[in-house]
Amino acid sequence: MSTPLDYYLTELHTLTSVGSRRKNFYKKLVGNRFIDLLWHLPSNLSFRKLISHIHEAPENALVTFEATVELHQPGLRKRSPYRIWMRDNKNNRFEVLFFNAYDRFLQRVAPEGRKIAVSGQLKCDRTIDVNRYHISHPDFMGPLDEIGKWIGAERVYGLTAGLTRAMVVSVIDQVLKSARDMPEWIPDEQISDGNFPPFLKALKQVHRPHTYENLSFTDPARQRLIFDEFLAYHLGMAISHRRLKPQALSVNQYIPKLAKQLEALLPFTLTNAQISAIAELRSDIQKGQQMVRLLQGDVGSGKTLVAVMAALDVADTGQQTALLVPTEILSRQHATKIGEMLEPLGLKVALLTGREKGKIREGVIETIRSGTATIVVGTHALLEESVEFKNLGLVVIDEQHRFGVEQRLALAKKSSTAHILSMTATPIPRTLVLANHGDMDVSILNEKPQGRKIIQTKVISVDRLLDVVEQVKIIMGKGRQVYWVCPLIEESEKSDFAAAIARHEMLKEIFGEKVELMHGRMKGPEKDAAMQRFISGEATLLVSTTVIEVGVDVPQATVMVIEHAQRFGLAQLHQLRGRVGRNDIQSFCLLLYGQPLSFQARKRLETMRDCHDGFKIAEEDLRLRGGGEIIGTKQSGVPKFRLCDLVQEDPADATLLEGLFAKAHSMANEALKNDPDLSSEQGLALRQLLILSEYDNAQLLKKSG
Ligand code: ADP
Ligand code: MG
């Protein structure tokens, strides 16, 4: 016998009203399965009014009324409509129009002389002396005794070409009619706490809204379904991030040696935030339990050093660290800087990117395999199977938002017991941390090294380009260095670097050989050489595309010019600005904008000018994007849900959803804690939820499916 679950998983095309003809329309709209359609919630209500005659109808409103069929007038030519003339109860005449209709069907439901019910949008063409009323393609035309079905509130669904509201409504109702309830996966307490109806009842209620209240997030039925989706999401995340067995390493309160040595050698003192973060990481490592931690700190807060300290703690126990970074330039820079730090300690750093090939690559891989390399820095080249570690103890993922979940997991797989430290400068609100990482500990660097000044930020029209060049000239005269960023020109990577090349040409005319160029189309060694000339101070102005966006650290640079700043998202602007202000000299960021400048873009630039706190900027970013703008979505990685959008403009809605989201998170954790294999009665119900919501690809179901 088929179970309720089987029913919800049934493919829509098995219904004759869908069939192979409409299957693809439904697929595009919602998906293949019954449950996909049932999770397609009504988006609005419209009201259909019963009127006694057509002059009572508000303009363009949906109305239902009685009418008498007077005359059929089939279209004369192929494209001309089929007309039916009718009169309302006050003898007012109007016409009903059909394009591509079956004549015989029309003659059957509306024979001449019969009184029938009609429902649809009544329109009026006003000519000089008469008003002509018509309805084209009425929603209903049929027996008088069905008129009651066409009065009152009715739900509106998002549609796609090929499907009408009536089709979708009837398929949803058909599917709901034979559905049975699922076993309950939410514990009684939360059910009564949230006033949640059971699953099937909730589905039925959301598809029968009577008031706008029924459509809002405050509706318990809608809340329940949203909660289900959040719950499935958190369960899936928690299962795929599940901490593995505690590490076989039993270092009881060892005294950190290497980290202390490095600290003594540093030319500066650690910030308090760094000290506490290092202590948090150390305590994780000493516990002999796998660490899964996110290190969040604004640009320039000194995350790299914290990671190096943790790597040294791990090295004390004879283990290696892998540092995964998103770009080639950044991996080279990290390898050099960390190499310099570790040299006095007698430790080796290896570098592996797509560029190391042949013999060199073999050599690097060998130092990793033999354990000679204590820290291995690299791009995604590190993920390749041929890269084996002798004894991987810690995985650090820098600028983690640049990596997909698969990549993060691939690296973690190199050792099932390695600690995992993700680092990000893009501050992520707590909810989103949860959303993206499941249950992860968080350390925060909320402080910058001493003496750092606020970066003075100016918003300037591109018309004043020559003034900007003058200012840059003065600053360069004082021996300071300047970044000059040319952005992506929409849709065309080609013109992206073309803009940088052109600007480089122009600035070279003015400043001569001091100007360097770097863009994504240059070969690796060329990029290195350009970067090297800038780092060494030989070049004092670096024109580049956004290749310098993340991580690049040249402390002597104090000016950041960004052209067409209006095209960037806030997160990206903040990252770019973070390339300067890395010493105690006053730094500047000049945001050049061109037209057209949208309202949103203007807001972004003003936010940048007035705000220097990465967390506030991230919040503002989310708020501004609430209006549907997608710039930067990838950066903050808001997960997509079917039943709601986590980013809401209305603060009340946002708070409500965040509350549900957090509740679902704790329930998911609780459930897994009590029943790790999901084998209890509730656990089995939760498995069904995972299958329904397609979060079942986690290891879990493989294990004991
Ligand atoms: P981010 O957090 O953006 O990755 P980095 O790790 O690149 O920042 O550090 C920014 C700069 O600050 C580097 O040049 C680094 O050497 C320096 N730095 C790190 N910690 C301190 C400190 N406590 N005092 C002074 N400078 C520091
Ligand atoms: Mg960094």
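For the structure, check the block above.
Residues numbered from 1 in each chain as written. Chains lettered and ligands numbered in written order. Predicted model: local features only at pLDDT ≥ 70, side-chain atom pairs only at ≥ 80, totals over all residues. Heavy atoms only, no water.

1. Digging into the pairing of strand β18 (residues 481-485)
Reasoning step 1: Burial analysis of β18 places five of its five residues in the buried class, the great majority of the element.
Reasoning step 2: What you see with β18 is no split at all: Gln481, Tyr483 and Val485 on one side and Val482 and Trp484 on the other are buried throughout.
Reasoning step 3: Direction of pairing for β18 relative to strand β21 (residues 557-562): parallel, over a ladder of five bridges. Bridge assignment links Val485 to a residue of β21, and that residue is Ile562.
Reasoning step 4: With four bridges connecting them, β18 and strand β20 (residues 541-544) associate as parallel partners. Across the sheet, residue Val482 finds its bridge partner in β20, namely Leu541. (Buried < 20%, exposed > 50% of the residue type's maximum accessible area, 1.4 Å probe, protein only. Helix = DSSP H or I, 4+ residues; strand = E, 2+ residues; numbered from the N terminus. Pairing = 2+ DSSP bridges.)

2. Description of the site of ligand 1
Reasoning step 1: Around ligand 1, 16 residues are found, and the nearest of them are Gln274, Gly300, Lys303, Thr304 and Asp553.
Reasoning step 2: Interatomic distance of 3.4 Å between a backbone N/O atom of Ser301 and an oxygen atom of ligand 1.
Reasoning step 3: Between ligand 1 and Arg582, the relevant distance is 3.2 Å, taken from an oxygen atom to a side-chain nitrogen or oxygen of the residue.
Reasoning step 4: Compared with its free state, where it exposes 570 Å², ligand 1 has 86% of that area covered by protein.
Reasoning step 5: The residue makeup of the shell around ligand 1, split by class, is four nonpolar, seven polar and five charged. (Near = heavy atom within 4 Å. Polar contact = N/O pair within 3.5 Å; in protein donor to acceptor, adjacent residues only side chain to side chain. Areas by Shrake-Rupley, 256 points an atom, 1.4 Å probe, with all protein chains shown as cover. Nonpolar A, V, L, I, M, F, W, Y, C, P; charged D, E, K, R; others polar.)

3. Describing the sheet that holds strand β17 (residues 456-461)
Reasoning step 1: Taken in spatial order, the six strands of this open sheet run β17-β22-β21-β18-β20-β19, and their pairing is parallel. Looking at the sheet topology across the chains shown, the edges are occupied by β17 and β19 (515-518). For this sheet the average axis-to-axis angle between neighbouring strands, irrespective of direction, equals 20°.
Reasoning step 2: Pairing analysis gives six bridges linking β17 to strand β22 (residues 588-593), with the strands arranged parallel. Across the sheet, Ile460 pairs through a bridge with Leu592, a residue of β22.
Reasoning step 3: Taken strand by strand, helix α20 (residues 570-577) contacts β17, β18, β21 and β22, and its axis lies near 150° from that of β21. (Axes fitted to C-alpha atoms, helices over the stretch in contact; angles between N-to-C directions. Contact = heavy atoms within 4.5 Å.)

4. A closer look at the packing of helix α2 (residues 19-29) against helix α5 (residues 165-177)
Reasoning step 1: At a minimum axis separation of 13 Å, α2 and α5 run at an interaxial angle of 85°. By the angle class used here, α2 and α5 are roughly perpendicular. Seen from α2, the contacting residues are Arg22, Tyr26 and Leu29; seen from α5, they are Met167, Val168 and Val171.
Reasoning step 2: Split into classes, the residues belonging to the contact of α2 with α5 amount to five nonpolar, no polar and one charged. (Parallel < 35°, antiparallel > 145°, perpendicular 65-115°, else oblique.)

5. Details of the nonpolar core
Reasoning step 1: Counting 65 residues, the largest nonpolar core has Tyr8, Trp185 and Phe199 as its most contacted members.
Reasoning step 2: Of all the secondary structure elements, the ones that give two or more residues to this core are α1 (4-9), α2, α3 (34-38), α5, α7 (199-206), α9 (220-240), α24 (651-674) and α25 (681-692).
Reasoning step 3: What Phe199 contacts, discounting residues up to four positions off in sequence, is Tyr8, Ile35, Trp39, Asp181, Met182, Glu184, Trp185, Arg224, Leu225, Asp228 and Leu692.
Reasoning step 4: Counting residues in each nonpolar core, the second largest holds 38 residues, with Leu262, Leu305, Leu394 and Met423 among its members. (Core = buried A, V, L, I, M, F, W, Y, C linked by side-chain atoms within 4.5 Å.)

Nothing here speaks to function; it is geometry throughout.
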